[in-house]
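Each chain, letter by letter, is given below.
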Amino acid sequence: VLFVNYFGTRTPNDVVDWQNDHPSVTVIEDHTHDPCSKWALESTADYAVSSLRKTIPIPDGAVLWSPSGKVLPEEPEGKSWTGSALKLASMIFKRDCLENTGQTDELFDYQRHLSQQGDELLDESTSDSISPWSREYLRYGISKDWRDQRAANVLNFIKSWNTIEENSSDISLLFQSWPANHCPFNPVLQFKSLKER
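Residues numbered from 1 in each chain as written. Predicted model: local features only at pLDDT ≥ 70, side-chain atom pairs only at ≥ 80, totals over all residues. Heavy atoms only, no water.

A.B. asks: Please explain the pattern of salt bridges as it appears in this structure.
C.D. replies: Side chains that carry opposite charge are capable of pairing whenever their charged atoms lie near each other. In total, this model carries eight salt bridges according to the counting rule given. Of the charged contacts in the structure, one is a salt bridge between Glu75 and Arg135, with a shortest N-O distance of 2.3 Å. Of this pair, Glu75 sits in the loop between strand 4 (62–65) and helix 3 (82–99) while Arg135 sits in helix 5 (residues 132–139), and the two are 60 residues apart along the sequence. With a relative accessible area of 41%, Arg135 lands in the partly exposed category. Across the salt bridge formed by Lys87 and Asp119, the nearest N and O atoms sit 3.1 Å from each other. A residue pair is termed long-range when its members are at least 10 positions apart, and Lys87 in helix 3 and Asp119 in helix 4 (residues 105–124) qualify at 32 residues. Judged by relative accessible area, Lys87 falls into the buried class, the value being 12%. Counted as one network, the salt bridges with shared partners bring together Arg53, Lys87 and Asp119. (Salt bridge = Lys/Arg side-chain N within 4 Å of Asp/Glu carboxyl O. Helix = DSSP H or I, 4+ residues; strand = E, 2+ residues; numbered from the N terminus. Buried < 20%, exposed > 50% of the residue type's maximum accessible area, 1.4 Å probe, protein only.)

Right, here's the structure in full:
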């Protein structure tokens, strides 16, 4: 059974209770939205996984671990990194577009095109290892400040949202709090209809 810590805001209580009630079932947890949450760090699942490119500025990479000490497969050895290279190029273009306000719509469109092409190639890949540029980036560790800033940004959004008097009753925040030592991936707005969204 796969359990997902959606948006980094779920508590592990129900999962742990379920796991204890079903000891013969293999439990996999997805911690992509907050790989450093208390839940992820104290997990008792058979396996846990996290895509790293969602929360770290790298174009590819994921981590698989076994909190309960199960045997893990060998790291993939494939070396087709074209999708990752396109995503990295897209990230560089995006940074330039955001830093240089005089950029044209065509440059934004090209950046988006590179990103989509990279995503398609990454989706098709089945056994490629993490790219050398992402591995090298991770070798130096991950800044705790980024995670702290993300939490501060979400809190700031929630505070701002709650001060808007004209907020429609058809739109609400999915959450306004989260467990201690967790960091939300981003704020989430709920709409009552697809048309409204």
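Back to the text.
A.B. asks: Could you clarify how one ought to interpret the pairing of strand 3 (residues 47–51) in this entry?
C.D. replies: Residues in a regular strand project their side chains so that they alternate between the two faces of the sheet. Sheet topology places strand 2 (residues 28–30) next to strand 3; three bridges connect them, and they run parallel. Bridging across to strand 3, Ile28 finds its partner in Tyr47. Here strand 3 runs beside strand 4; their pairing, made up of four bridges, is antiparallel. By the bridge assignment, Val49 is partnered in strand 4 with Leu64. (Pairing = 2+ DSSP bridges.)

A.B. asks: What is the right way to look at the nonpolar core in this model?
C.D. replies: Note that soluble globular proteins tend to have their nonpolar side chains buried in a common cluster. Core analysis: the largest hydrophobic core is formed by seven residues, namely Val154, Ile158, Trp161, Ile171, Leu173, Phe175 and Val188. Of all elements in the fold, only helix 6 (144–163) and strand 5 (171–173) reach the threshold of two or more residues within this core. Core analysis: the second largest hydrophobic core is formed by five residues, Phe3, Val15, Val27 and Trp39 among them. (Core = buried A, V, L, I, M, F, W, Y, C linked by side-chain atoms within 4.5 Å.)

A.B. asks: Which parts of the structure should I look at to understand unusual backbone geometry?
C.D. replies: Leaving glycine out, the prevailing phi sign among residues is negative, and the prevailing peptide bond configuration is trans. Although it is not a glycine, Phe7 adopts a positive phi angle of roughly 60 degrees. Checked against the element boundaries, Phe7 lands in the loop between strand 1 (2–4) and helix 1 (13–21). With a phi close to 65 degrees, Asn181 is a non-glycine residue in the positive phi region. Asn181 sits in the exposed class, given a relative accessible area of 52%.

A.B. asks: I tried to follow the packing of aromatic side chains on my own but got confused; where do I start?
C.D. replies: Throughout the structure, instances matching the rule amount to seven aromatic pairs. When the centroid spacing of 5.6 Å and the interplanar angle of 65 degrees are considered together, the rings of Phe3 and Trp18 count as edge-to-face. With Phe3 in strand 1 and Trp18 in helix 1, the pair connects residues that are 15 residues apart, well separated along the chain. You can call Trp18 partly exposed: its relative accessible area is 26%. Judged by centre distance (6.3 Å) and plane angle (45 degrees), the ring pair of Tyr6 and Phe7 falls under tilted. Classification of Phe7 by relative accessible area gives partly exposed; the value is 21%. (Phe/Tyr/Trp six-rings, centres within 6.5 Å; stacked < 30°, edge-to-face > 60°.)

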